[in-house]
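Overview (structure and organization)
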Amino acid sequence: MDWSHYIVPELGPDLKFSYASHKTVAEYKEAKELGIETIPVLIGPVSYLLLSKLAEGVEISFSLLSLLQKIIPVYKEVVSELKAAGATWVQFDEPTLVLDLDSDQLKAFTDAYTQLEESLHGLNVLVETYFADVPSDAYRVVTGLRGVSAIGFDLVHGEKTLKLIQNLGFPPNKYLFAGVVDGRNIWANDLSASLRTLKTLEGIAGKEKLVVSTSCSLLHTPVDLVNETKLDSEIKSWLAFAAQKIMEVNELAKALRVEKNEAFFSANAVAQASRKSSPRVNDKAVQEAASALMGSDHQRPTPVTSRLDAQQKKLNLPILPTTTIGSFPQTMDLRRIRREYKESKISEAEYVKAIKEEISKVVQFQEELDIDVLVHGEPERNDMVEYFGEQLKGFAFTVNGWVQSYGSRCVKPPIIYGDVSRPKPMTVFWSTAAQSMTTRPIKGMLTGPVTILNWSFVRNDRLRFETCYQIALAMKNEVEDLEAAGISVIQIDEAALREGLPLRKSEQAFYLDWAVHAFRITSCYVKDTTQIHTHMCYSNFNDIIHSIIDMDADVVTIENSRSAEKLLSVFREGVRYHAGIGPGVYDIHSPRIPSTEEIGDSINKMLAVLEKNVLWVNPDCGLKTRKFSEVKPALANMVAAAQLLRTQLASA
Ligand code: GLN
Ligand code: ZN
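Residues numbered from 1 in each chain as written. Chains lettered and ligands numbered in written order. Predicted model: local features only at pLDDT ≥ 70, side-chain atom pairs only at ≥ 80, totals over all residues. Heavy atoms only, no water.

1. Section: the packing of aromatic side chains
For the structure on display, the rule yields 21 aromatic pairs. Residues phenylalanine 17 and tyrosine 48 carry aromatic rings whose centres are separated by 6.4 Å and whose planes lie at 75° to one another, so their mutual orientation is edge-to-face. Taken together, the positions of phenylalanine 17 in the loop between β1 (10-11) and α1 (23-33) and tyrosine 48 in helix α2 (residues 45-50) put the pair 31 residues apart, joining distant regions of the chain. Between tyrosine 341 and tyrosine 351 the ring centres are 4.0 Å apart and the planes differ by 10°, which places this aromatic pair in the stacked class. Here tyrosine 341, found in helix α13 (residues 332-342), pairs with tyrosine 351, found in helix α14 (residues 348-369); they are 10 residues apart in sequence, far enough to count as distant. (Phe/Tyr/Trp six-rings, centres within 6.5 Å; stacked < 30°, edge-to-face > 60°. Helix = DSSP H or I, 4+ residues; strand = E, 2+ residues; numbered from the N terminus.)

If you want it as structure tokens, here you go:
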């Protein structure tokens, strides 16, 4: 789980906090006027600081937690306004309690709530933790916080928390909010299992003090299953979106307090059983093939340096080769064509013709710009995960299953419900069509298994890595088909590899190990002369650089333009790197056209720390959100900068 999906506050020693937005209070009042009593939720003061970062130029030794003194008074103001508005509860989200915190960080919680204690008087105060287990030292701290009358735990993603509560006990007179209904996934709850957990907790916290809850906020699930008109009733019976989850919470609470709704529980049991045994879910052959992969290592037989030599003989590229990340502008026309095809308003032949025309336009466009390794532009794809999911077995799609991702951006993740396999080639047709239009190499374009996994709702009846290996197997077959069809450069995007990194350090190595392994499965069976690229949407990977090297791709292109220094520092610090690398030379997220000079500077900076014969020149991500009128001058300047530097390097 990645927490980067929020706007990260940038703080420093000179900062002055003041009470600016009264949103929480306004919303509390709004609900109250409608007759609904709510618990106002605030990000807890310590998590707020721990999830912030140092503003530019601030000494690295500056402790963000030293700002606690300054921020607590603002929290007091908010709390007193809430009280005045009639609130009887307030919730502080302190999800950082599940991280590996040192004793100073833990002490900050004790300090913060001690300082708040007086102002909290007369309120019920809930401190919520979520997304993972609370480590035992943090558990001791959170259960001992002053002024706090309730503590919430994620009992879905915190698999060890139940044991911890059993072993360490729970303070008398505090409420225990038991997050037994998964707030981050879309599966119907196993109600009888949850009821067992709740009964155990009731024995510890007491009947009056146990509160049934979701594991975290419902921000991460779509709103309501009733909006799904295209899913069949069997699959629907396995799912629960936010509205259904609230019902589950209610029914669980009723079963504890009043009486069990037998009909609801037995329908749930039937659905659970059908999901377990459904032939749509289970594919023995896939299970066996994927688990056979797990045991053995997957390594390309030849080291990367020799592979690059072999590839160069075949591809004959100039130094500082230029390329793009895959997609080209998605015009209104294109979207219309895809939609009309989906709605059967145009025939397959018409669709193919239109897409081929677009590919031809994009190929020609790149040739005119004199780019070295071309792409087909991805005009047939709505989304880099959905496109593959739609062609793989084991995936289902919602029509309205939107969830918030970055700020106001929303995504509609596919649902992986069964064993994954690839009935037939998925990209070979388009890639070979593109290759037939040019003598320059066309890069086959795939989404990697880890990214497909991380950007989908994943099964909870299998371990994540098991599903990932199944996807890897499907993508491996696709890579081999592309190679056999004459595509000699294949990019396997792992845009979201870093997003799956577990929060706790102790679990990170294991994740990185299987994630890298899954990627290698897709790519290790190709010939030395086939060049494997990968692309990542994060430059912030200094901490996982060794895993990236381990992926053993021939060329890695990465988002870099917005934090070039950070990336360069990795190499300055002596990380040995032999594969090709293309740190993005300009930011595609902005419509601004970078000048040749600016791009040249950026390449020069990289040349200072990287060998010239491993460096690639490319934008930092796909171009699909840009306009052709922006892309054309930007790429022209990029190519000009690369060509200029080639001449300079040749004469040096
Ligand atoms: N190949 C994809 C594209 O160019 C990669 C997108 C991404 O990294 N998010 O759009
Ligand atoms: Zn990207």
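2. Quick notes on the coordination of the zinc ion (ligand 2)
His535 (NE2), Cys537 (SG) and Cys621 (SG) make up the full set of protein donors to the zinc ion (ligand 2), lying at 2.0 to 2.2 Å. Considering all 4 donor atoms around the zinc ion (ligand 2), angles at the metal cover 82 to 124° and the coordination shape is irregular. Each donor residue of the zinc ion (ligand 2) belongs to the same chain, with the gaps between them written as H-x1-C-x83-C. Taken together, the residues span a long stretch of sequence, with cysteine 537 in the loop between β15 (531-536) and α20 (545-550) and cysteine 621 in the loop between α22 (596-607) and α23 (628-651) at a distance of 84 residues. (Donors = N, O, S within 2.8 Å, 3.2 Å for Na, K, Ca; no water. Tetrahedral: all angles 85-135°; square planar, octahedral: opposite > 155°, others 65-115°.)

3. What to know about the site of ligand 1
Taken together, Ile325, Gly326, Ser327, Glu378, Met384, Met445, Asp493, Ala495, His535, Cys537, Cys621 and Gly622 make up all the residues around ligand 1. Measuring from a nitrogen atom of ligand 1, one finds a backbone N or O atom of isoleucine 325 at 3.1 Å. Contacts to ligand 1 include glutamate 378, whose side-chain N or O atom sits 2.8 Å from a nitrogen atom. Contact with the protein chains covers 93% of the free accessible surface of ligand 1, which is 290 Å². The residue inventory of the shell around ligand 1, partitioned by class, reads 6 nonpolar, 4 polar and 2 charged. (Near = heavy atom within 4 Å. Polar contact = N/O pair within 3.5 Å; in protein donor to acceptor, adjacent residues only side chain to side chain. Areas by Shrake-Rupley, 256 points an atom, 1.4 Å probe, with all protein chains shown as cover. Nonpolar A, V, L, I, M, F, W, Y, C, P; charged D, E, K, R; others polar.)

4. Structural notes on the sheet that holds strand β6 (residues 150-154)
Strand order in the open sheet formed by 6 strands is β2-β4-β5-β6-β7-β8, with parallel pairing between adjacent strands. Pairing within the sheet leaves two strands with one partner each, and these edge strands are β2 (41-43) and β8 (210-214). For this sheet, the mean angle separating the axes of adjacent strands, direction not counted, is 25°. With 5 bridges joining them, β6 and strand β7 (residues 175-181) adopt parallel strand pairing. If you follow aspartate 154 over to β7, its bridge partner there is glycine 179. (Pairing = 2+ DSSP bridges. Axes fitted to C-alpha atoms, helices over the stretch in contact; angles between N-to-C directions.)

5. Quick word on the environment of alanine 31
Among the secondary structure elements, alanine 31 is positioned in helix α1. Look at alanine 31 and you get buried, because its relative accessible area is 14%. In this view, alanine 31 contacts Ile36 and Thr38; residues no more than four positions away in its chain are not counted. (Buried < 20%, exposed > 50% of the residue type's maximum accessible area, 1.4 Å probe, protein only. Contact = heavy atoms within 4.5 Å.)

6. Notes on the state of the cysteines
By the definition in use, this model includes 0 disulfides. This cysteine, cysteine 410, is not joined by any disulfide, and cysteine 216 carries the nearest cysteine sulfur, 16 Å off. (Disulfide = S-S within 2.5 Å.)

7. Some thoughts on the packing of α22 against α23
Where α22 contacts α23, the two axes come as close as 8 Å, and the packing angle between them is 50°. The angle between the axes of α22 and α23 places the two elements in the oblique class. Between α22 and α23 the crossing geometry is right-handed. Across the interface between the two elements, Thr596, Ile599, Gly600, Ile603, Asn604 and Leu607 from α22 touch Ala634, Asn637, Met638, Ala640, Ala641, Ala642, Leu645 and Leu649 from α23. Residue composition of the contact of α22 with α23, grouped by class: 10 nonpolar, 4 polar and no charged. (Parallel < 35°, antiparallel > 145°, perpendicular 65-115°, else oblique. Left-handed = near helix turned anticlockwise from the far one by under 90°.)

8. A few points about the pattern of salt bridges
Scanning the model with the defined rule gives 36 salt bridges in all. Glutamate 117 is the partner of arginine 146 in a salt bridge, and the nearest nitrogen-oxygen pair spans 3.1 Å. Of the two residues, arginine 146 sits in the loop between α5 (136-143) and β6 while glutamate 117 sits in helix α4 (residues 103-120), which places them 29 residues apart along the sequence. We classify glutamate 117 as partly exposed; its relative accessible area is 26%. Note that arginine 336 is salt-bridged to aspartate 333, the shortest N-O span being 3.1 Å. Separated by 3 residues within a single helix, arginine 336 and aspartate 333 lie in helix α13, roughly one turn from each other. Classification of aspartate 333 by relative accessible area gives partly exposed; the value is 46%. Linked by salt bridges that have partners in common, Arg275, Asp419, Arg459, Asp461 and Arg462 make up one network. (Salt bridge = Lys/Arg side-chain N within 4 Å of Asp/Glu carboxyl O.)

9. Digging into the sheet that holds strand β16 (residues 555-558)
Reading across the sheet, the 5 strands line up as β13-β14-β15-β16-β17 and stay open at both edges, with parallel pairing between neighbours. Strand pairing shows two members of the sheet lacking a second neighbour, β13 (443-447) and β17 (580-583), which therefore form its edges. Each strand of the sheet is rotated relative to its neighbour by a mean of 20°, with strand direction disregarded. Relative to β15, strand β14 (residues 489-493) runs parallel, the two being bridged by 5 bridges. Paired with aspartate 493 across the two strands is histidine 535, which belongs to β15.

10. Section: the nonpolar core
One finds Phe328, Tyr586, Ile603 and Leu635 to be the most contacted residues of the largest nonpolar core, which totals 108 residues. When residues no more than four places from it in sequence are discounted, the contact partners of isoleucine 603 are Leu320, Val585, Leu615, Val617, Ala641, Ala642 and Leu645. Counting residues in each nonpolar core, the second largest holds 72 residues, with Leu99, Ala112, Ala205 and Leu256 among its members. (Core = buried A, V, L, I, M, F, W, Y, C linked by side-chain atoms within 4.5 Å.)

11. A closer look at the pairing of β16
Every other side chain in a regular strand lies on the same face of the sheet, so the side chains alternate between the two faces. Residue alternation in β16 divides its side chains into two sets, Val555 and Thr557 and Val556 and Ile558, and both sets are buried. Here 4 bridges tie β15 to β16, and the two strands are oriented parallel to one another. Note on β16: the bridge partner recorded for histidine 535 is threonine 557. Sheet topology places β16 next to β17; 4 bridges connect them, and they run parallel. Bridge pairing in β17 links valine 556 to isoleucine 581.

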